[in-house]
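# Secondary and tertiary structure notes
Each chain, written out:
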Amino acid sequence: MAPVVAFGVGLWLAGSVFSGWLPRAEAERWAVAAAFATVAAGAVGAPLGWWAGRETRGGGRVVVQRATATEASRTTQIGGSRGGTASAPSGDVEQQAESSGTARITQIGGDQQTGGR
């Protein structure tokens, strides 16, 4: 809703307050005013989108892991909960890796249960 309001206010500002700076032709005036309003709506919508998307889907923690392996190195990434019934619930797990040469990368993500469950 806020980006729509920002677009309307931006269109109004461009049409009334900044009208002396706009081109004389009607079609060009609308194009410049709409472009200004779009930028204003984006300036409002981008932070709101970031704010709304910062919560995790599962309500748990977010695990982000990045690794770069070169030559003959080995890298292991484990994200999420490990263990039996006492493990904490995990949220999103994001793993990114790059390797070159004979390097090896092992990635394990999500919940891993041990025992007879």
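What this report covers is the structure whose coordinates are included nearby.

Parameters at a glance
Residues numbered from 1 in each chain as written. Predicted model: local features only at pLDDT ≥ 70, side-chain atom pairs only at ≥ 80, totals over all residues. Heavy atoms only, no water. Helix = DSSP H or I, 4+ residues; strand = E, 2+ residues; numbered from the N terminus. Buried < 20%, exposed > 50% of the residue type's maximum accessible area, 1.4 Å probe, protein only. Contact = heavy atoms within 4.5 Å. Expected span 1.5 Å × (residues − 1).

What the chain contains, in helices and strands, is two helices and four strands. The order of helices and strands in the chain, counted from the N terminus, is α-α-β-β-β-β. Buried positions account for 19% of the 117 residues belonging to the chain. Here the analysis covers contacts within the chain between residues at least 6 apart in sequence; of these, 62% occur between residues at least 24 apart.

Residues spaced three or four apart along an α-helix face the same direction, because each turn holds 3.6 residues. Taking 1.5 Å of rise per residue, the 16 residues of helix 1 (residues 2-17) would be expected to cover 22 Å, and the 21 Å separating its terminal C-alpha atoms lies within 8% of that figure. Those residues of helix 1 that are buried are in contact with helix 2 (26-53).

Moving on, we get to helix 2. Compared with the 40 Å implied by 1.5 Å per residue over 28 residues, the 39 Å span of helix 2 between its first and last C-alpha is a close match. For helix 2, the complete set of buried residues consists of Arg29, Ala33, Ala37 and Ala41. Contacts made by the buried residues of helix 2 are with helix 1.

This brings us to unusual backbone geometry. Excluding glycine, residues mostly have negative phi values, and the peptide bonds linking residues are mostly trans. In this structure, glutamate 71 takes a positive phi of about 55° despite not being glycine. Relative to the assigned elements, glutamate 71 resides in the loop between strand 1 (61-69) and strand 2 (74-79).

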